[in-house]
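For reference, the chains in residue letters:
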Amino acid sequence: MTVLLREAIGDRLRHARTNQRRTLREVSRAARVSLGYLSEVERGRKEASSELLAAICEALDLPLSVLLSNVATDIGALESVELPEAAERAERGEVGAEGSGPRASVGSVEGGRLVPAVVGDSLADLRLQPALSHRMESSLRDAGAIFAA
């Protein structure tokens, strides 16, 4: 499962904002950025410039270095997780459907987008979006049991 940098940054910004119980409107005003654009950044749809990230972080009273450190930790943890089937395919030299390398998946189910929980700063606080199918939820639960063993 590949996580885009803009998605990981957006998840962390939304996490910080919701932990402070602030609205998009409040933060967009404080950062002097449009509400729509801030929403797009939080949803990982827009790449935020360094100036925009600095303004949003200042509005959230969140040091930019802390945001980037948390994002790097999240991405590093996701990259280090190899599901058993993906590891087997990698050993056999098989590539994903797009030809871009081994896919991290459980059975035929691809991973989902991560969104932050209400509290905390570690990757353990991230949850999958509630729009997951029942099959994907059970596959992910099975994968979790494999790693817990």
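Preceding block: the structure.
Everything numeric in this text was worked out from a predicted model, so none of it was measured.

**Q** Looking at this structure, how should I read the environment of V33?
**A** In this structure, V33 sits in the loop between α2 (24-31) and α3 (35-42). The spacing of V33 and I56 is 23 residues in sequence and 8.2 Å in space, taken between C-alpha atoms.

**Q** Just checking my understanding: could you explain the pattern of salt bridges for this structure?
**A** Close approach of charged atoms lets side chains of opposite charge pair. Throughout the structure, instances matching the rule amount to five salt bridges. Salt-bridge contacts for E47 lead to R6; the nearest nitrogen and oxygen are separated by 3.7 Å. Taken together, the positions of E47 in the loop between α3 and α4 (50-59) and R6 in helix α1 (residues 5-19) put the pair 41 residues apart, joining distant regions of the chain. R6 sits in the partly exposed class, given a relative accessible area of 28%. A salt bridge links R43 to E40; the shortest N-O distance between them is 2.4 Å. The exposure class assigned to R43 is partly exposed, which follows from its relative accessible area of 30%. Accessibility expressed as a relative area gives 22% for E40, which makes it partly exposed. What emerges from the salt-bridge pattern is a single network uniting R14, R17 and E42.

The rules behind each value
Residues numbered from 1 in each chain as written. Predicted model: local features only at pLDDT ≥ 70, side-chain atom pairs only at ≥ 80, totals over all residues. Heavy atoms only, no water. Helix = DSSP H or I, 4+ residues; strand = E, 2+ residues; numbered from the N terminus. Salt bridge = Lys/Arg side-chain N within 4 Å of Asp/Glu carboxyl O. Buried < 20%, exposed > 50% of the residue type's maximum accessible area, 1.4 Å probe, protein only.

Read these as geometric descriptors, not functional statements.
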